[in-house]
Amino acid sequence: MQVLAPETLAMWKAEALMLSGGWLALICSLVLTLRLGALRRQRDEMKRLAQTDALTGLPNRRAALECLAICIAAARASGAALTIVFVDLDHFKRINDSHGHDCGDRVLRHVARTLCAAFRSGDHVARIGGEEFLVILPGADPTLARMRIESLRRMLSGAGAVLDGPGLSVTFSAGISALRPGDADGAAL
């Protein structure tokens, strides 16, 4: 081919080089796009894990405080009410000591599910410590929060039977606070 048609061979070589270069660029682009997608999924999963309590599946303290800051800013911007509820299970160490840590874990999961059921879908429920939970109620006043807390008390009154724990009683203490104009941040609230 080199002797008979050198111009045709040169043209075919150029075409072959351009085609293989384009193919290589396409494959590299595809591989980089797939890798970037995998990295984004890993980043999103790591963020989810960093902001989720592994036992209850609720947002953790970090996520709750971020959400609270966002809700405070939104309440200030719109002039809407914002109420928070702090729930602390009573004598939780006693539950772990008398019924075992597996039962304590079941209690925490049950309380988490019950909290989600007792409050509105737009409210934010988070586990912020061992047996401590925070509920953020955008647009709600303290009266609504009190009603929800009483509903929660009734829902948890039969926890011993639900969790198959003879003599198991789940009670809690709760504090309610509403955003006031002078509150500087979540800590003040």
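See above for the structure.
So, a few notes on the structure that sits alongside this text. (Residues numbered from 1 in each chain as written. Predicted model: local features only at pLDDT ≥ 70, side-chain atom pairs only at ≥ 80, totals over all residues. Heavy atoms only, no water.)

1. Description of the sheet that holds strand E2 (residues 124-127)
If you trace the 4 strands from one edge of the open sheet to the other, you get E2-E3-E1-E4, paired in antiparallel fashion. The open sheet is flanked by E2 and strand E4 (172-178), the only strands paired with a single partner. Each strand of the sheet is rotated relative to its neighbour by a mean of 15°, with strand direction disregarded. Bridge analysis of strand E1 (residues 82-89) against E4 gives 7 bridges, and the strand direction is antiparallel. Bridge assignment links Phe86 to a residue of E4, and that residue is Gly175. Along the sheet face, helix H2 (residues 61-78) touches E1, E2 and strand E3 (132-138) and points at about 20° away from the line of E3. Running over the sheet, helix H5 (residues 142-156) touches E1, E3 and E4 and is turned about 165° from E4. (Pairing = 2+ DSSP bridges. Helix = DSSP H or I, 4+ residues; strand = E, 2+ residues; numbered from the N terminus. Axes fitted to C-alpha atoms, helices over the stretch in contact; angles between N-to-C directions. Contact = heavy atoms within 4.5 Å.)

2. Description of a nonpolar patch on the surface
Taken together, the side chains of Trp23, Leu26, Ile27 and Val31 make up a nonpolar region of the molecular surface, amounting to roughly 420 Å² of accessible area. Structurally, Leu26 is set in helix H1 (residues 6-50). (Patch = residues over 30% accessible without salt bridge, like charges linked within 9 Å, V, L, I, M, F, W, Y side chains within 5 Å. Areas by Shrake-Rupley, 256 points an atom, 1.4 Å probe, with all protein chains shown as cover. Salt bridge = Lys/Arg side-chain N within 4 Å of Asp/Glu carboxyl O.)

3. Some points on the packing of aromatic side chains
Each aromatic ring pair is specified by the distance between its two centres and by the angle formed by the two planes. One pass over the structure, following the stated rule, counts 0 aromatic pairs. Over the ring of Phe172 we find Arg153, and its NZ or CZ is 4.5 Å from the ring centre. (Phe/Tyr/Trp six-rings, centres within 6.5 Å; stacked < 30°, edge-to-face > 60°. Lys NZ or Arg CZ within 6 Å of the ring centre and 35° of its normal.)

4. Structural notes on the nonpolar core
Judged by nonpolar contacts, the single largest core of 29 residues is most densely connected at Leu89, Val107, Val111, Leu115, Phe133 and Val170. Counting only elements with at least two residues in this core, the list comes to E1, helix H3 (92-99), helix H4 (101-118), E3 and H5. Here the element with the most residues in this core is H4; it accounts for 7 residues. With residues up to four places along the chain from it excluded, the contact list for Val170 reads Leu89, Val107, Val111, Leu156 and Ala159. Core analysis: the next-biggest nonpolar cluster, separate from the first, contains 14 residues, Cys71, Ala126, Ile128 and Ile136 among them. (Core = buried A, V, L, I, M, F, W, Y, C linked by side-chain atoms within 4.5 Å. Buried < 20%, exposed > 50% of the residue type's maximum accessible area, 1.4 Å probe, protein only.)

5. Thoughts on the environment of Ala159
Secondary-structure assignment places Ala159 in helix H6 (residues 159-162). Judged by its relative accessible area of 0%, Ala159 falls in the buried class. Sequence separation of Ala159 and Gly186 is 27 residues, and the distance between their C-alpha atoms is 32 Å. Setting aside chain neighbours within four positions, we find Ala159 in contact with His110 and Val170.

6. Some words on unusual backbone geometry
In this structure, His91 is a non-glycine residue whose phi angle is positive, near 50°. Within the fold, His91 resides in the loop between E1 and H3. When its relative accessible area of 54% is taken as the criterion, His91 is described as exposed.

7. Description of the pattern of salt bridges
Counting across every chain of the model gives 6 salt bridges. With its nearest N and O atoms 3.0 Å apart, the salt bridge here joins Asp53 to Arg127. Remark: Arg127 occurs in strand E2 and Asp53 occurs in the loop between H1 and H2; sequence separation between them is 74 residues. Each member of the pair, Asp53 as well as Arg127, carries the same accessibility label: buried. With its nearest N and O atoms 2.9 Å apart, the salt bridge here joins Lys93 to Asp97. Highlighted residues: Lys93 and Asp97, both in helix H3, separated by 4 residues, approximately one helical turn.

8. Concerning H3
Note on helix geometry: an α-helix contains 3.6 residues per turn, so any two residues three or four positions apart are oriented the same way. What H3 keeps buried is the set Phe92, Ile95 and Asn96. Viewed end-on, H3 has its buried residues packed into an arc of 95°, placing them on one side of the element. Of the residues in H3, the exposed ones pointing more than 90 degrees away from the buried face are Lys93, Arg94, Asp97 and Ser98. If you follow the buried residues of H3, they end up packed against E1 and H4. With its phi angle positive at about 95°, Gly100 sits one or two positions after the end of H3. (Arc of directions from axis to C-beta.)

Functional significance is not addressed by these values, which are geometric in nature.
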